[in-house]
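# An overview of the molecular structure
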Amino acid sequence: MKEIESIHELNCRYKKFCDAGFHINMERGWPCKEQLELSMPMLDLVTSETNLDREMDYRGYAGTGGIEPLKHLFGNIFEVDPEQIYIGGTMSTSIMYDIVSKAMMFGFDSYKPWKDYSSIKFICPVPGYEKHFKICSTFGIEMIPISMDNNGPDMDEIEKIVASDEFVKGIWCVPLYSNPTGTIYSDEVVTRMASMKTKADDFRIFWDNAYFAHHLSDEPGKIKNIIHESKKFGFPNRVFEFASTSKITFPGGGVGLCISSIENIRWLTKASLLQLKSGDKINQLRHYFFLKDENGLKEHMLKHRQIIKPKFDLVDQVLHEELDGWNIAWWQKPKGGYFFCLKVEKNMAGRIWKKCKNAGVKITPAGSIFPYGRDPEDSYLRLAPTYPSVLELETAIRVLCVCIKLCYLENRETEENKFL
Ligand code: PLP
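Residues numbered from 1 in each chain as written. Predicted model: local features only at pLDDT ≥ 70, side-chain atom pairs only at ≥ 80, totals over all residues. Heavy atoms only, no water.

## A look at unusual backbone geometry
The linkage connecting Val-126 with the following residue, Pro-127, adopts the cis geometry, with an omega of -10 degrees. Tracing the backbone shows Pro-127 in the loop between β3 (121-126) and α5 (130-138). Asn-179 connects to Pro-180 through a cis peptide bond whose omega is 5 degrees. One can find Pro-180 in the loop between β6 (168-173) and α7 (187-195). Of note, the phi angle at Tyr-177 is positive, near 50 degrees, even though the residue is not glycine. Mapped onto the fold, Tyr-177 is located in the loop between β6 and α7. (Helix = DSSP H or I, 4+ residues; strand = E, 2+ residues; numbered from the N terminus.)

Printed below as a string of C-alpha cells:
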C-alpha cells in the first residue's frame, strides 16, 4: 500500500501550489478549444452560393419549429416521427425553461395553469444538474430530492410520492451519463417511470438527454426509448425529451430540441408562435449539411472522444495515484458525458472547494448540484475535465487531492482534540 503523507508534507505541497499562481477552470462542462475547432468547417457550408430550397425557403419566416431535413435527421436518431421534434432556439435549457414557464402561466392544453395551485413540486434526483434546480427556484417550485444508485433514481420512493400528491407535477431526469454521476438509467427504471400512476394528470417527465451522443467507450450506453414506453402504457403526453448540439458543434451556436408526442409538440409550437415564429433556420441548415445523418454524427463525436477521453483517463489515473489507500473519496469512471462525481467523507466538500479556489483551481461550488444549493452531507464534488489542457488538468487534480487529504487530516485532528 502507498505510504500515507503527513499533514506537514501535505501543507508543504499545498503552499507550493498556492505560490504557483494557477488559474485553472474545472467548474463547468465546457468543450475545450480543440473541440470547438472540429466544427469550424460547418461555418462554410451555407454561403451566398448555396442553392436554397425554393419550396421551403429557409431565408424567410416559414419553418416554425425547425426545418424539415434536420427534423428528419433527429427523428432517425431519436427513433420518432419528425413531427415529434421541435427545434427551438440554439440551446435546450431555454426550451426547458420555457415549457416550465408556459405550464406555470397557461397550463398544458386544457389543464389549469400551475400558478393557480397553492404549491407545485418537482422530484429532483440528486446529485443533479444545477440549472434544473435553478429553473425550479426561479418559478417557486418546491424541490423533492430523491437519491440515485447505479440504475437511476429510487423508483420505490418516486412511485409513492407521485401516486399520492397532486401537487407533484414533474421530475427532472438526465437518463444517459447523468450530470454529474454518469449514471445510465436501467430499462426497469425507464419502464417504471413511463408506466407509474400519478395523482396529477398533467404530470410531466423532463427527460434531459443532453449526452445522447457523448460516449467515451466503444460500447455506447443505451437507454430504453421513454417516448415509446410511455405511449405503450397509455401516457403518450407524459414525456418532454430534450437534447442539443451545444457539445457537438457550438454552445450557444447550436440547435436545441424537444422531442415529445405530436400533441405536445403542437401545443409547444402553438404556445411559442408569437415568441419565436422561427428559429435560426440558416444555422439549422448548416447543422444538417454538417452532420448529414446518424453516421455523420457518430464520426464527428468520435473526434470529440479522441480529444476528451485522454482527459477522463488522466483524472481517473491521478485520483488513484493520490488517493488509493486513504479510503476517504469514492468515484466511478464515467462511460460518457462530461463529468466525474466525487464523494468524499461527510462535512468536507465545501472546505475542499474553498481550498482549491485559494490554490487557483475552480471546481463546481460544493452544494450547487443539490436543490437549494444544499448538500445535506456536504460530501459531493463535481469535476468537469474537458475544458483545461491535459497539463492543467493533471495539476488541478493533484491540487484537489492534496486539498481532500488535508481536509480529512484537519477533521481528524479536530476530532482527536475534542477528547483531550
Ligand atoms: N442538460 C444537462 C444535463 C447538461 O449537463 C447541460 C450542460 O452542461 C445542458 C443541459 C446544457 O444544454 P444546452 O447548452 O443545450 O442548454
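## Re the pattern of salt bridges
The tally for this structure, following the rule as stated, stands at 29 salt bridges. In this structure, a network of salt bridges that share partners links the residues Glu-5, Arg-13, Glu-321, Glu-322, Glu-394, Arg-398 and Lys-405. (Salt bridge = Lys/Arg side-chain N within 4 Å of Asp/Glu carboxyl O.)

## Considering the site of the ligand
Every residue lining the ligand is accounted for by Met-91, Ser-92, Thr-93, Tyr-129, Val-174, Asn-179, Asp-208, Ala-210, Tyr-211, Ser-244, Ser-246 and Lys-247. At a separation of 2.7 Å, an oxygen atom of the ligand approaches a polar side-chain atom of Ser-92. Tyr-211 is positioned with one of its side-chain polar atoms (N or O) 2.5 Å from an oxygen atom of the ligand. In the complex, the protein chains occlude 92% of the 400 Å² of accessible area that the ligand would expose alone. Looking at the shell around the ligand, its residues break down into five nonpolar, five polar and two charged. (Near = heavy atom within 4 Å. Polar contact = N/O pair within 3.5 Å; in protein donor to acceptor, adjacent residues only side chain to side chain. Areas by Shrake-Rupley, 256 points an atom, 1.4 Å probe, with all protein chains shown as cover. Nonpolar A, V, L, I, M, F, W, Y, C, P; charged D, E, K, R; others polar.)

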